[in-house]
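Each chain, letter by letter, is given below.
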Amino acid sequence: MPSESSSQAGISDVTIRPFSAEDQPLLARVAHRMHPGQTASPRDPAALDRFFSDLGDGKFLTKPGAQAFVATMNGQSCGV
């Protein structure tokens, strides 16, 4: 059986690019879904809550050295 090419199989064009100020609304919408909730990790739950709150509010990315990236699929942002 011949294999399908990526265009025949419906594979989307996914790219990764640096986060920009225009992506803040996307980050605010998805930050709460990235929160791991309760885990067996020894990490301080309050520190995780603060981190994801800061991330959603745009505070985290103003810190020196902070970097984030955005995934796009067929030109539409789909992940951080």
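Now for a quick tour of the structure. Computed from a prediction, not measured in an experiment: that's the story for all the values here. (Residues numbered from 1 in each chain as written. Predicted model: local features only at pLDDT ≥ 70, side-chain atom pairs only at ≥ 80, totals over all residues. Heavy atoms only, no water.)

All right, on to unusual backbone geometry then. Phi is positive for Asn-74, which is not a glycine, with a value near 50 degrees. Structurally, Asn-74 is set in the loop between strand S2 (69–73) and strand S3 (76–79). Asn-74 gets classed as exposed once you look at its relative accessible area, which sits at 52%. (Helix = DSSP H or I, 4+ residues; strand = E, 2+ residues; numbered from the N terminus. Buried < 20%, exposed > 50% of the residue type's maximum accessible area, 1.4 Å probe, protein only.)

Reading across from one edge, S1-S2-S3 is the order of the three strands in this open sheet, with antiparallel pairing throughout. For this open sheet the edge positions go to strand S1 (14–18) and S3, each flanked by a neighbour on one side alone. Pairwise comparison of adjacent strand axes, ignoring direction, gives a mean angle of 45 degrees for this sheet. Where S2 lies against S3, three bridges are found, and the strand directions are antiparallel. By the bridge assignment for S3, Ala-71 is matched with Gly-79. (Pairing = 2+ DSSP bridges. Axes fitted to C-alpha atoms, helices over the stretch in contact; angles between N-to-C directions.)

On to the side chain of Asp-23, then. Within the secondary structure layout, Asp-23 lies in the loop between S1 and helix H2 (24–34). Residue class for Asp-23 comes out buried when judged on its relative accessible area of 5%.

The next subject is the nonpolar core. Core analysis: the largest hydrophobic core is formed by nine residues, namely Phe-19, Leu-26, Leu-27, Val-30, Leu-48, Phe-52, Leu-55, Ala-68 and Val-70. Those elements that provide at least two residues to this core are H2 and helix H3 (45–57). (Core = buried A, V, L, I, M, F, W, Y, C linked by side-chain atoms within 4.5 Å.)

All right, on to the pairing of S2 then. Of the pairings in the sheet, the one linking S1 to S2 comprises five bridges and is antiparallel in character. Paired with Pro-18 across the bridge in S2 is Phe-69. Adjacent in sequence and paired antiparallel, S2 and S3 are bridged by two residues, among which Asn-74 carries a positive phi angle near 50 degrees.

Here we come to H2. Leu-26, Leu-27, Val-30 and Ala-31 are the residues of H2 that are buried. Along H2, the residues classed as buried sweep out an arc of 130 degrees about the axis, all on the same side. Of the residues in H2, the exposed ones pointing more than 90 degrees away from the buried face are Arg-29 and His-32. (Arc of directions from axis to C-beta.)

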